[in-house]
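Per-entry structural report
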Amino acid sequence: MKELLEKYPRSMESLLDILHELQDAQPRHYLTRDALRAAAEHVGAPLSEVVSTATFYSMYSMTPRGRHIVRICESPPCQLVGADTLLGLLSAQLGVAVGGTTEDGAFTLETTSCLGVCGVAPAMMVDAELYGNLTEKRVTDVLADVRRRDAAG
Amino acid sequence: MPQARGHVLVAVNEEALLAGARDVAASLSRALEREGLADEIRVMETGDVGVAGRGVALVVYPDGVRYGGVTIADVDEIVREHLLKGRPVERLRLASAPTQNAWAVQRQSRIVLANCGKIDPDSLDEAIASGAYEAIAKLLESKTAPADVIAEVKRSGLRGRGGAGFPTGLKWSFTAPGDEKFIICNADEGEPGTFKDRLILEGDPHRLLEGMMIAGYAVGASKGYVYVRGEYGLSIRRLQKAIDDAGEAGLLGDRVLDSPFAFHVEIKKGAGAYICGEETSLIESIEGKRGTPRIKPPYPGAVGLWGKPTVVNNVETLANVPPIILRGAAWFRRFGTQGSPGTKVYTILGHVENPGLIEVEMGTPLRTILDEYGGGVRGGKRFKAALLGGAAGAVIGERGLDVPMDFDGPKEYAAVLGSGAILVLDEDASIVDLLHGILRFFRHESCGQCVPCRGGTVALVELSERIRSGRGSSDDLERLVSVAKAMQASSLCPLGQSPILPVKTAIDTFRAEFESRQAAVGTRP
């Protein structure tokens, strides 16, 4: 963690970047108490201030998430072409509500605002990968694909 | 290298990449090699080529033939038939005559997107060959007075392309004196259905950097920030490469082009907050804080980042600046309308034949955009409505199709023009559901700082849910409008002031649909 932090100037200006990086380095994609404390120490701010910032932004999580984060776009262009139905499907297939994590810790289901790929709506992201032109079949296939890759190590 | 007789441009925007654009480009290169055409025809990766929703898109020059939905399996045929024998592959061609015509018209009024889809965005050389950094070089060489730069931008009539069109030159001239000032490029493009700024960033990043440099030169700032949405991974990577390349070439740094002018640019990555598109929230966010808006005045021009004078401009606005400096205000005024010169970049989406990114002159009515560029409503259905400007936008019905769209038009057009999002709905779409989606969005994105917005956005969703499910009472529609009105009057920033526009325009234009939805399910006594 030390090494990671040293890249950044010791100023509040680095805080968002630092939080992104600390979260990405955590296999469960969240900000641990230790990470928050280290960030606070690095930028020279009270822990409360760092927590205040971290809890504001939707891309940061304070609780452990799945190894993979599924984020389906819920903005009007995607909604217009069936994103709500797909969200229901995802929720049923994963057995969790929005914000929930599957029991095996594989997936967390989230919604996101516009991903800016409305030309291929409906769209979702799994981790850093974008998927467009989603259908029920494609959503099912994508999840199966991720599971397969996981199993293959 | 011998002069190439032709080019194949492969779009490598997010959409195309996820459809396998890289593999197609590589396969094209191999096929050209095999056919002995590698010296004659070059494969180039480029930003958006003005086609959305069609998978991997190619443009073949000099003929200007556009292909869509290209897979590796099609590559041999394109090379053999088109590039070798000169017979375009009709089956893949994006096609109909009106589209091609539109493409031709569209290219004539491309100012902002002049290079998008023509150059490799990762190549500084290609950007320079297309005129990048000529404007800033001209200013530095001729030692133009900063006040003259501001005067020229004022004369051009350029207005901000992020929101409701505040005159850019005037904004610059309001920057308070001081030793340290900042230029911030607002690339926190969060309005649903908008991705024009992303495509400018990904298609021609050097143009944006040059625009920022000119702004810095004009107001006396030597540091610029680009605040980009955290979700825009490709934009961030491309822009960072552009910054690094420009730095190495002496175009950014302590002595820009060996002059005393210093300019540095840094990217700041957002973390998923729509509110940060509001300029003071954005500034708070760069300072490492919660992205809640500040009370204005003072405006950022006086008290901005770290309390210093700061100019905040949108991506598209800044991208307009280099050509204005290079070719003059009079040239710029040849495009668009008297009050809103220049062009406007739009993303046209939803139920249209050809969704995509277009640039047209200011004042172009919605009908022209829909029919000539969007190819009409998909599947021959009837037009019902368009949502202009994303969530904080307006619902426009049939009657609004012929209004010239510029910043001086009716409020429902002017207020939402900046984001450039046009979402088209056909006759089968539900306006009630559309509005519900919009209100859910506001509930999610309200920053929670001021009470009218925090409570109001929740109340709006509850009311809308009642109407939608038919559990409402007959005056719920009126209640929806009055809550939104109260929010408009008392919220601190544009987020809370926005819902009135979609609420009012949707209900005014489609009242019968709202009423029948209530009645269909049965109204509570």
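Bear in mind that the values here come from a model prediction, so they are computed numbers and not experimental data.

Moving on to the overall build of chain A. For chain A, the count of helices and strands is 7 helices and 4 strands. Shown N-terminal to C-terminal, the secondary structure of chain A runs as helices and strands in the order α-α-α-α-β-α-α-β-β-β-α. On the principal axes, the C-alpha backbone points of chain A span a range of 50 × 35 × 25 Å. For chain A, buried positions account for 41% of its 153 residues. Sequence-distant contacts, at least 24 apart, represent 56% of the contacts inside chain A between residues at least 6 apart.

Whenever strands of a sheet pair, they do so through backbone hydrogen bonds, lying parallel or antiparallel. Residue and element names in this part refer to chain B. Ordered in space as β10-β9-β13-β11-β12, the 5 strands form an open sheet in which the pairing is mixed. With partners counted over all chains shown, the strands left at the sheet margins are β10 (356-361) and β12 (394-397), one partner each. In this sheet, adjacent strand axes meet at a mean angle of 30 degrees when their direction is disregarded. Summarising the sheet, strand β9 (residues 343-350) and β10 pair through 6 bridges and their orientation is antiparallel. By the bridge assignment for β10, V345 is matched with E359.

Attention shifts here to the interface of chain B and chain A. Counting residues at the interface gives 43 residues for chain B and 31 residues for chain A. Put simply, the parts of the chain that give the side of chain B that touches chain A at least two residues each are α1 (14-18), β7 (264-269), α12 (279-286), β9, β13 (421-426) and α17 (431-445) of chain B. With 5 residues, the single largest contributor to the side of chain B that touches chain A is α17 of chain B. Residue classes in the side of chain B that touches chain A are distributed as 19 nonpolar, 13 polar and 11 charged.

Here we come to unusual backbone geometry. All names here are of chain B. In this chain, K296 is followed by P297 through a cis amide linkage whose omega measures -10 degrees. You can see P297 is positioned in the loop between α12 and β8 (310-314). Backbone torsion omega between P297 and P298 reads 0 degrees, so that peptide bond is classified as cis. By secondary structure assignment, the location of P298 is in the loop between α12 and β8. Within the chain, L257 stands out as a residue other than glycine whose phi angle is a positive 50 degrees. With 17 C-beta atoms counted inside 10 Å, the residue L257 sits in the partly exposed group.

All names here are of chain B. Its 15 residues place the ends of helix α10 (residues 205-219) 22 Å apart at the C-alpha level, agreeing with the 21 Å of an ideal helix rising 1.5 Å per residue. Counting buried positions along α10 gives 15 out of 15 residues, so the element sits mostly inside the fold. Following α10 by one or two positions, G220 has its phi on the positive side, about 85 degrees.

Next up on the list: the nonpolar core. In terms of nonpolar packing, the biggest core is built from 170 residues, with A123 of chain A together with I184, I214, A215, A386, I422 and V424 of chain B touching the most fellow members. Setting aside chain neighbours within four positions, we find I214 of chain B in contact with A135, I136, L139, V149, V321, P322 and I325 of chain B. By size, the runner-up hydrophobic cluster in this structure holds 29 residues, among which are A11, V49, A57 and V65 of chain B.

Residues and elements named next belong to chain A. Interaxial distance between helix α6 (residues 83-94) and helix α7 (residues 136-151) falls to 10 Å at its minimum, and their mutual angle equals 35 degrees. Relative to α7, α6 is oriented so that their crossing is right-handed. Residue-level contacts link L86, L89, L90 and Q93 of α6 to E136, V139, T140 and L143 of α7. By residue class, the composition of the contact of α6 with α7 is 5 nonpolar, 2 polar and 1 charged.

Moving on, we come to the environment of C73 of chain A. Residues and elements named next belong to chain A. By the element assignment, C73 lies in strand β1 (residues 68-73). Between the alpha carbons of C73 and P9 there is a distance of 34 Å; along the sequence they are 64 residues apart. Beyond its immediate sequence surroundings of up to four residues, C73 is in contact with C78, A83, T112, C114, L115, P122, A123 and M124.

So, on to the confidence of the model for chain B. Across chain B, pLDDT averages 90, with 95% of residues at or above 70. What the predictor reports for the complex is a pTM of 0.88 with an ipTM of 0.94.

A word on the sheet that holds strand β2 (residues 41-46) of chain B. Residues and elements named next belong to chain B. The strand order across the open sheet built from 4 strands is β2-β1-β3-β4, with neighbouring strands paired in mixed fashion. Of all strands in the sheet, those bounded by a partner on one side alone are β2 and β4 (65-67). Between one strand axis and the next, the sheet turns by 20 degrees as a mean value, whatever way the strands run. Pairing of strand β1 (residues 6-11) with strand β3 (residues 58-61), which is carried by 4 bridges, proceeds in the antiparallel orientation. Residue V8 lies in a different strand from β3, and its bridge partner there is V60. The sheet strands contacting helix α2 (residues 21-34) are β1 and β2, and the helix crosses β2 at an angle near 170 degrees.

A few words now on the packing of α2 of chain B against helix α3 (residues 72-84) of chain B. Residue and element names in this part refer to chain B. At a minimum axis distance of 9 Å, the contact between α2 and α3 shows a crossing angle of 35 degrees. For the pair α2 and α3, the crossing hand works out as right-handed. Across the interface between the two elements, D23, V24, S27, L28, A31 and L32 from α2 touch I72, V75, D76 and V79 from α3. In terms of residue class, the contact of α2 with α3 is built from 7 nonpolar, 1 polar and 2 charged.

On to the environment of A25 of chain B, then. Residue and element names in this part refer to chain B. Considering the arrangement of structural elements, one finds A25 in helix α2. Distance in space between the C-alpha atoms of A25 and E45 is 7.6 Å, their sequence separation being 20 residues. Other than its neighbours up to four places away in sequence, A25 contacts V10, V43 and E45.

In this section: the pairing of strand β11 (residues 383-388) of chain B. Residues and elements named next belong to chain B. Counting buried positions over the 6 residues of β11 gives 6, a clear majority of the element. The pairing of β11 with β12 spans 4 bridges and is classified as antiparallel. Directly across from A386, in β12, lies its bridge partner I396. Counting the residues in the hairpin turn of β11 and β12 gives 5 residues, including G389, whose phi is positive at 90 degrees.

Residue position: P355 of chain B is located in the loop between β9 and β10. Residues P355 of chain B and D23 of chain B, 332 residues apart in the sequence, show an inter-C-alpha distance of 24 Å.

Okay, helix α2 (residues 15-25) of chain A next. In an α-helix there are 3.6 residues to a turn, and that puts residues three or four apart on one side. Turning to α2 of chain A, its buried residues number three or more, namely L15, L16, I18, L19, L22 and Q23 of chain A. Viewed along the axis of α2 of chain A, the buried residues span an arc of 160 degrees, placing them on a single side of the element. Away from its buried face by more than 90 degrees, α2 of chain A exposes D24 and A25 of chain A. Elements that come into contact with the buried residues of α2 of chain A comprise α1 (2-6), α3 (33-43) and α4 (47-54) of chain A together with β7 and α12 of chain B.

Parameters and conventions
Residue positions are counted from 1 within each chain, in the order its sequence is given. Each chain is given a letter, starting from A, and each ligand a number, starting from 1, according to the order in which they appear as written. Where totals are concerned, whole chains, interfaces and linings use all residues; where local detail is concerned, this predicted model gives features only for residues with pLDDT of at least 70, and gives and counts side-chain atom pairs only at 80 or more. Helix and strand assignments follow DSSP, with helices taken as H or I runs no shorter than four residues and strands as E runs no shorter than two, numbered in order from the N terminus. Each residue is classed by its C-beta neighbour count within 10 Å, where at least 20 other C-beta atoms makes it buried, 12 or fewer makes it exposed, and intermediate counts make it partly exposed; the C-beta atoms are placed from backbone geometry. Residue pairs are scored as contacts if the distance between their C-beta atoms, which are placed from the backbone, is within 7 Å. Strand pairing is assigned whenever DSSP detects at least two bridges linking the two strands. Axes here mean lines fitted to C-alpha atoms, for a helix over just the part in contact, with angles spanning 0 to 180 degrees between N-to-C directions. Side-chain classes follow a simple rule in which Ala, Val, Leu, Ile, Met, Phe, Trp, Tyr, Cys and Pro form the nonpolar group, Asp, Glu, Lys and Arg form the charged group, and the remainder, Gly included, forms the polar group. The length a helix should cover is 1.5 Å for every residue beyond the first. Linking buried Ala, Val, Leu, Ile, Met, Phe, Trp, Tyr and Cys residues through C-beta atoms within 7 Å yields a set, and such a set is a nonpolar core. Note on convention: near helix rotated counterclockwise from far helix by under a right angle means a left-handed crossing. Clockwise means right-handed. Per residue, pLDDT captures the predictor's confidence, and it can take any value from 0 to 100. As used here, the arc belongs to the directions running from the helix axis to the C-beta atoms.

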